[in-house]
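Given next are the chains, with one letter for each unit.
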Amino acid sequence: MHKVYVTRQIPEPGLELLRKNYEVEVNPEDRVLTREELLEKVRGRDAILCLLTDKIDAQVMDAAKGARIFANYAVGYDNIDVPEATKRDILITNTPGVLTETTADLAWVLLMAAARRVVEADRFTRAGKFKGWGPMLLLGTDVWGKTLGLVGAGRIGIALARRSVGFKMSLLYHDPYPNRELEEELGAKRVDLDTLLKESDFISIHVPLTQETHHLIGEKEFGLMKPSAHLVNTSRGPVVDEEALVRALRDRRIAGAGLDVYEHEPELTPGLAELDNVVLVPHIASASTETRTKMATMAAQSIVDFFEGRRPTHCVNPEVLK
């Protein structure tokens, strides 16, 4: 019987799928395993269902000698050394598509909350500071009719763009490749990054973390943005130079931001939490019951398919199967 290790508790339907045919052990604690625990727990396993918080490198693969597949419970896989896995004929799978709409929902929530100062207003009201309506009380920024700039035009970027239609927003996007769907269906215009930053009222990031996108948005880029601009990031934290973001927000060089991800996650860059013009949430873009359950069953199904001789639907390094 194949042995499967799951590095953290996931929704039960995914675990049930694995338990039907395999010997399954799950991290019983609701926390990320320490490095030492991870190295110990992967020993003697045939498959690992891991999370983006697990760093899967050569050392882990050495410890998991004999494991044939790592099923990543995430869309991104920057936590895994894919070239090393490929060299060892280890298959890597992920869970794309299933969280597109849910992540776009949260990106829109962050955009609206930052623009209308919703979190700040909530704190103000709970603190008993609300003494009645006032014409200058907590003035925010209109979203309707503004320009939305998408940095990255993949599934989630398109989904966010569709949400902007009811707000009559103009759309700009920056991506290495033209996206005809965005252009023909939604009237988006492809521009270079500098133009997008200069002209957009709201900028939403939807790129993977790579060497090229690390600190894609930094001091220079904040200097190009409008003082009234808002930045939203639901992709990966290190795409934004967080120290530069703190300075831009603190000095009011941009109006606000909404963040679901952080450069040194789960730690925040000093000064970020004290700012009143940023909305901070703890990496919950895919955190709906429906979506997290779909992610669990998709990751589990990848392992089942692999062991039963079928090609998993979402392979990061399909050349291993050849």
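Remember, predicted model here, so these are calculated numbers, not experimental data.

S.K.: An account of the overall build of the protein chain is requested, with residue identities and associated values reported.
M.R.: Each helix and strand in the protein chain was counted, giving twelve helices and twelve strands. In terms of overall size, the protein chain behaves like a compact globule, its C-alpha atoms giving a radius of gyration of 21 Å where 322 residues would be expected to give roughly 20 Å. With the C-alpha coordinates aligned to their principal axes, the bounding extent of the protein chain is approximately 70 × 45 × 30 Å. Within the span of the protein chain, comprising 322 residues, buried residues form 50% of the whole. Considering only residue pairs separated by 6 or more positions, the protein chain has 58% of its internal contacts joining residues 24 or more positions apart. In the protein chain, which carries 41 positive and 48 negative side-chain charges, the distance between the mean positions of the two groups comes to 2 Å.

S.K.: Which residues make up the packing of helix α1 (residues 12-19) against helix α12 (residues 289-307), and what values go with them?
M.R.: Where α1 meets α12, the closest approach of the two axes is 7 Å, and the angle between their N-to-C directions is 15 degrees. Of the possible angle classes, the one that applies to α1 and α12 is roughly parallel. For the pair α1 and α12, the sense of crossing is right-handed. Residues Pro 13, Gly 14, Leu 17 and Leu 18 of α1 touch α12, and the partners they reach there are Thr 293, Ala 296, Thr 297, Ala 300, Gln 301, Ile 303 and Val 304.

S.K.: Which residues make up helix α11 (residues 242-250), and what are the values?
M.R.: Along α11, the residues that are buried comprise Glu 242, Ala 244, Leu 245, Val 246, Ala 248 and Leu 249. Each element contacted by the buried residues of α11 is listed here: α10 (219-224), β10 (230-233), β11 (256-259) and β12 (278-280). For α11, the capping residue at the N-terminal end is Asp 241, with a side-chain oxygen 3.2 Å from the backbone nitrogen of Glu 243. Just downstream of α11 lies Arg 252, where phi reads positive at about 60 degrees.

S.K.: Explain the UniProt feature "domain: D-isomer specific 2-hydroxyacid dehydrogenase catalytic" (unreviewed entry) in the protein chain residue by residue, including any values.
M.R.: In the numbering used here, UniProt assigns the "domain: D-isomer specific 2-hydroxyacid dehydrogenase catalytic" (unreviewed entry) feature to residues 4-317. Secondary structure content for residues 4-317 is 35% helix and 14% strand, while the C-alpha to C-alpha distance between its ends is 20 Å.

S.K.: Break down the domain arrangement of the protein chain for me, citing the residues and quoting the values.
M.R.: Partitioning the protein chain into structural domains gives domain 1 (3-97 + 289-320) and domain 2 (118-276). One C-alpha centre belongs to domain 1, the other to domain 2; they are set 32 Å apart.

Reading guide: rules and limits
- Sequence order as written defines residue numbering, which begins from 1 separately in each chain.
- Totals for whole chains, interfaces and linings use every residue, but because this is a predicted model, local features are given only for residues with pLDDT of at least 70 and side-chain atom pairs only at 80 or more, for both listing and counting.
- Each side-chain value is worked out from all heavy atoms of the structure, with water and hydrogens disregarded.
- Numbering of helices and strands starts at the N terminus; helices are DSSP runs of H or I of at least 4 residues and strands are runs of E of at least 2.
- Every radius of gyration here is taken over C-alpha atoms, with the globule rule written as 2.2 Å times N^0.38, N being the number of residues.
- Note on classification: 1.4 Å probe, protein chains only; a residue is buried when its accessible area is under 20% of the maximum for its type, exposed when over 50%, partly exposed between these limits.
- The criterion used for residue contact is that any of the two residues' heavy atoms lie within 4.5 Å.
- We treat Lys and Arg as the positive residues and Asp and Glu as the negative residues; His and chain ends play no part in the count.
- Note that the charge is assigned to NZ on lysines, CZ on arginines, CG on aspartates and CD on glutamates.
- Angles run from 0 to 180 degrees between N-to-C directions of axes, and those axes are lines fitted to C-alpha atoms, restricted for helices to the stretch in contact.
- Reported orientations rely on four angle classes, namely roughly parallel under 35 degrees, roughly antiparallel over 145, roughly perpendicular from 65 to 115, and oblique for the rest.
- Left-handed is the label given to a crossing in which the near helix is rotated counterclockwise from the far helix by less than a right angle, and right-handed is the label when the rotation is clockwise.
- Polar contact is defined as a pair of N or O atoms within 3.5 Å, subject to the rule that within protein one atom must be able to donate a hydrogen and the other to accept it, and that residues adjacent in sequence are counted only when both atoms are side-chain atoms.
- UniProt positions are given in the numbering used here, feature names are shortened, and annotations may be inferred rather than shown by experiment.
- What fixes the domain bounds is an automatic or database domain assignment.

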